Amino acid sequence: MAGRINDDDVKVVRDAVPIDTVVSEYLQLRPAGGGNMKGLCPFHDEKSPSFQVSPSKGLFHCFGCQEGGDTIAFVMKIDHLSFSETVERLAAKAGITLRYEEGGYNPTHQRGERIRLVEAHKAAADFYVEQLGGEEAAIGRKFLAERGFDQSAAEHFGVGYSPAGWDHLTRFLRGKGFSDKELLLAGLSQDGRRGPIDRFRGRLMWPIRDISGEVVGFGARKLRDDDNGPKYLNTPDTAIYKKSQVLYGVDLAKKDIAKASRAVVVEGYTDVMACHLAGITTAIATCGTAFGTDHIKILRRLLMDNGSARVIFTFDGDAAGQKAALRAFEDDQKFAAETYIAIAPDGMDPCELRLNKGDAAVQDLVEPRTPLFEFAIRQIVSRYDLETPAGRASALDEAGPIVARIKNGASQHEVAVQLAGILGILDTQFVVKRVAQMARWARDRGGRGPAGPASSSSSSASSSSYDSGQSRALSGPALNLRSPAHRTERELLKLALQRPELVSPAFDAYGVDEFTAPPYAAVRRAVEDAGGAEQGMASAPEYLAGVREAAPNDAVRALVTELAVEVFHGKTIDEAYAGEQLVRVRLRAVDLRIHDVTSTLARLGTGADHERHQAVQNELWVLQQYRQSLRNSGAAAL
């Protein structure tokens, strides 16, 4: 892993790559007024454009799904990359050389090594593709043709062929300037008696790409009977390839997985090809290992933890496939998505199904039918004699904990009723209570147990997220856009972020408590912590970046982005309009203070200390005079 990228270089990259240019690579933009652009959001389905881009501020925001941020945030989200990977990609596009901070090792060496290994794999992939057209590779082309894959399919997936000789690839890559050490580190070569030899020989080759599309490894299929190696041979774990952390086909499937909130997990490379060619472009596969926790993390990033997302596993109908399904269920509760299993008739895999019954049969296969938990339950129950009371009781003891692990309480109850039916136990309430008891036991032992019901109020959850991370509690009513006061506060914050020259320096004298909605108070605090609105009069992008960085959490940061690109309500945005918003917010604050002071005066009564009573009366008089001045003179009284 490279060292930390120099902060100044990050800023240079952010400024050098226009956000509208980057976004336009993924969706069509058209003018939205005020210098902004709009288009259909790539992060959720919509029919009318609510996704806005502000080129002058370097920000985007979707008013439908609330996603927002700068150029780096957009690329991170849409291509599912880390921060450093995104900055490196944008820097390469802009021709910027990045500097890395020292961190106890030589970051230049580390970064250089990764680049070299990736370049070696790219060169190897091109070499293998070229070899597939040769005479020796006829056996490989026949293998593909027998499974319904023509030349265009092979080209689409980058399928190639490794020559049967000892060191064809090794000599080719040496000629490209790669050292023997690099080839051994990449897993493309291995030690032989007289030096490095090719790791893959006489096999059909599938390039394995990471989520950004870089080739990091290979999967190789045996073609000849005299090959004594395994049926499939994969790249060993290297600095750029960890089989538990890659999914074959994810580079092709990631956008459709995110868009459809659905992923289809198959078992092999040819199954992925068959699914994609049949129109199931969300299919991916593991690379010679069981589906595990790291694979789940990849899918969760793509599915965005959408509660309506679905993951469909396809497994062979044999004993090994059933075992794989049960193993996948062990990690089921780590998904936010619903999980299903699909087993083709006659135990065929998707590749065989497409070959025998066509694309429509593959499409029908992956339509969710059997929840994974139901399949797991039936597999467990099938081992017991349900004709006897003892058999039913034993089956309940083993299957009950599975039901108790189901996230949603209502779903858990429903599945417990189903379990009673599967077991043939007429007293369904007994099974429901037994499962609930198991869930309580799991929680008492420190297990997470089933998730509680979702919050009944999204607004209260939102409000608390804005409060978290604040140095002090922000009191006041929850955000309500129907409130005239909140609408005015919102408009003033938009002015402070988008047109700070119209509200400075008056805005910077406003207290956080003058913003009655906690979310808006949090944004006001972020502006203050970033140096105030006057900072924005010099450089808008740098000022907004500072405000977003000063935000205490992602919720406030997202609101800053939203306010920075939202259009104003007024027809003419000038000093008069800005002054009107400033006065309205200040008047509201003064009115609230007058109310508080009046209440204090009433509580003191006539028997209070004279000096205290006089001081409160004086404050009330000053506030009333100030209110009158604001009403008469407007912004001039600020």
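Up top is the structure these notes are about.
Rules used in this analysis
- Residues numbered from 1 in each chain as written.
- Predicted model: local features only at pLDDT ≥ 70, side-chain atom pairs only at ≥ 80, totals over all residues.
- Heavy atoms only, no water.
- Helix = DSSP H or I, 4+ residues; strand = E, 2+ residues; numbered from the N terminus.
- Contact = heavy atoms within 4.5 Å.
- Areas by Shrake-Rupley, 256 points an atom, 1.4 Å probe, with all protein chains shown as cover.
- Pairing = 2+ DSSP bridges.
- Salt bridge = Lys/Arg side-chain N within 4 Å of Asp/Glu carboxyl O.
- Buried < 20%, exposed > 50% of the residue type's maximum accessible area, 1.4 Å probe, protein only.
- Axes fitted to C-alpha atoms, helices over the stretch in contact; angles between N-to-C directions.
- Phe/Tyr/Trp six-rings, centres within 6.5 Å; stacked < 30°, edge-to-face > 60°.
- Lys NZ or Arg CZ within 6 Å of the ring centre and 35° of its normal.
- Polar contact = N/O pair within 3.5 Å; in protein donor to acceptor, adjacent residues only side chain to side chain.
- Arc of directions from axis to C-beta.
- Parallel < 35°, antiparallel > 145°, perpendicular 65-115°, else oblique.
- Left-handed = near helix turned anticlockwise from the far one by under 90°.
- Nonpolar A, V, L, I, M, F, W, Y, C, P; charged D, E, K, R; others polar.
- Core = buried A, V, L, I, M, F, W, Y, C linked by side-chain atoms within 4.5 Å.
- Disulfide = S-S within 2.5 Å.

> Tell me what's going on with the overall build of the protein chain, and back it up with residues and numbers.
For the protein chain, the helix and strand inventory stands at 27 helices and 16 strands. Considering only intrachain contacts with a sequence separation of at least 6, the fraction spanning at least 24 residues in the protein chain is 66%. For the protein chain, the computed accessible surface area is about 30900 Å², with 49% contributed by carbon and sulfur atoms.

> Can you break down the sheet that holds strand 16 (residues 370–371) residue by residue, with the values?
Pairing is mixed across the open sheet formed by 5 strands, whose spatial order is 13-12-14-15-16. Every other strand in the sheet has two partners, leaving strand 13 (283–285) and strand 16 as the edge strands with one partner each. Sheet analysis places strand 12 (residues 262–266) next to strand 14 (residues 310–314), joined by 4 bridges and oriented parallel. The residue bridging Ala 263 from the neighbouring strand is Val 311, located in strand 14.

> Summarise the pattern of salt bridges; cite the residues concerned and give the values.
Side chains that differ in charge, positive against negative, can pair when their charged atoms come close. Using the criterion set out here, one finds 30 salt bridges in the structure. In this structure, the salt-bridge partner of Asp 167 is Arg 171, at a minimum N-O distance of 3.1 Å. For the salt bridge of Glu 562 with Arg 490, the shortest nitrogen-to-oxygen distance reads 2.5 Å. With Glu 562 in helix 25 (residues 554–565) and Arg 490 in helix 21 (residues 484–498), this residue pair connects regions lying 72 residues apart in the sequence. Taking relative accessible area as the criterion, Glu 562 reaches 11% and is therefore assigned buried. Taken together, the salt bridges that share partners define one network made up of Arg 490, Glu 491, Lys 494, Glu 562 and Glu 566.

> Break down the sheet that holds strand 6 (residues 160–162) for me, citing the residues and quoting the values.
Read from one edge to the other, the open sheet built from 4 strands follows the order 6-9-10-11, with strand pairing classed as antiparallel. Where the open sheet ends on each side, the last strands, each with one partner, are strand 6 and strand 11 (232–234). Averaged over all pairs of adjacent strands, the angle between their axes in this sheet comes to 35°, without regard to strand direction. Of the strand pairs in this sheet, strand 6 and strand 9 (residues 203–209) are connected by 3 bridges, and their pairing is antiparallel. For Gly 160, the partnering residue across the bridge sits in strand 9 and is Met 205. Sitting on the sheet, helix 11 (residues 269–277) is in contact with strand 9, strand 10 (215–222) and strand 11, with an inclination near 70° to strand 9.

> Residue-level account of the packing of aromatic side chains, with values.
Under the counting rule described, the total for this entry stands at 17 aromatic pairs. Among the aromatic side chains, those forming a connected cluster through ring pairs are Phe 127, Tyr 128, Phe 172, Phe 200 and Phe 218. Just above the ring of Phe 43 sits the side chain of Lys 77; from NZ or CZ to the centre is 5.4 Å. Sitting above the plane of the Tyr 510 ring, Arg 586 keeps its charged end 4.1 Å from the centroid.

> Could you give an account of the side chain of Ser 504, naming the residues involved and the relevant values?
With respect to the secondary-structure elements, Ser 504 resides in the loop between helix 22 (500–503) and helix 23 (518–529). Taking the relative accessible area as the measure of exposure, Ser 504 reaches 16% and is therefore buried. Among the polar contacts listed, one links the side chain of Ser 504 to the backbone nitrogen of Glu 534, at a separation of 3.5 Å. Once residues within four sequence positions are removed from consideration, Ser 504 is found in contact with Ala 533, Glu 534 and Met 537.

> I'd like a description of helix 8 (residues 168–175), backed by residues and values.
Leu 169, Thr 170 and Leu 173 are the residues of helix 8 that are buried. Seen from one end, helix 8 has its buried residues packed into an arc of 100°, which puts them on one side. After helix 8 finishes, the residue Gly 177 shows a positive phi value of roughly 100°.

> Summarise the packing of helix 16 (residues 372–381) against helix 17 (residues 389–404); cite the residues concerned and give the values.
With their axes 9 Å apart at the nearest point, helix 16 and helix 17 run at an angle of 165° to one another. What the angle tells us is that helix 16 and helix 17 run roughly antiparallel. At the point where helix 16 passes helix 17, the crossing takes the right-handed sense. On helix 17, the residues that touch Ile 377, Ile 380 and Val 381 of helix 16 are Ala 395, Glu 398, Ala 399, Ile 402 and Val 403. Class assignment of the residues belonging to the contact of helix 16 with helix 17 gives a composition of 7 nonpolar, no polar and 1 charged.

> Explain the pairing of strand 3 (residues 51–54) to me, using residue names and the numbers behind them.
The two faces of strand 3 match: Phe 51 and Val 53 on one face and Gln 52 and Ser 54 on the other face are all buried. Note: strand 2 (residues 36–39) against strand 3, 3 bridges, orientation antiparallel. Bridge pairing links Lys 38 to Gln 52 in strand 3. Relative to strand 4 (residues 59–62), strand 3 is paired through 4 bridges, and the arrangement is antiparallel. Residue pairing in the sheet places Phe 51 in a bridge with Cys 62 of strand 4. Counted along the chain from strand 3 to the antiparallel partner strand 4, the turn is 4 residues long, and its residue Gly 58 has a positive phi close to 70°.

> Go over the environment of Leu 492, please, and point to the residues and values.
With respect to the helices and strands, the residue Leu 492 is situated in helix 21. Remark: the alpha-carbon pair of Leu 492 and Gly 579, spanning 87 residues in sequence, is separated by 9.4 Å. For Leu 492, the contacting residues outside a window of four places in its chain are Val 503, Phe 507, Tyr 510, Phe 515, Gln 581, Leu 582 and Val 585.

> Before we move on, can you summarise the nonpolar core with the specific residues and values?
The tendency in soluble globular proteins is for nonpolar side chains to be buried side by side. In this structure, Leu 144, Trp 206 and Phe 218 are the most contacted members of the largest nonpolar core, which totals 61 residues. It is helix 5 (residues 107–131) that provides the largest number of residues to this core, a total of 8 residues. Contacts of Leu 144, omitting those with residues within four sequence positions, involve Leu 132, Phe 149, Ala 154, Val 159, Leu 204 and Trp 206. Formed by 46 residues, the second largest nonpolar core is a distinct cluster that contains Val 22, Val 53, Ile 298 and Phe 313.

> Explain the state of the cysteines to me, using residue names and the numbers behind them.
Under the criterion given, the structure shown has 0 disulfides. Cys 351 carries a free sulfur, and the closest cysteine sulfur to it, the one in Cys 275, is 9.4 Å from it. On the basis of relative accessibility, which here comes to 6%, the residue Cys 351 falls in the buried class.

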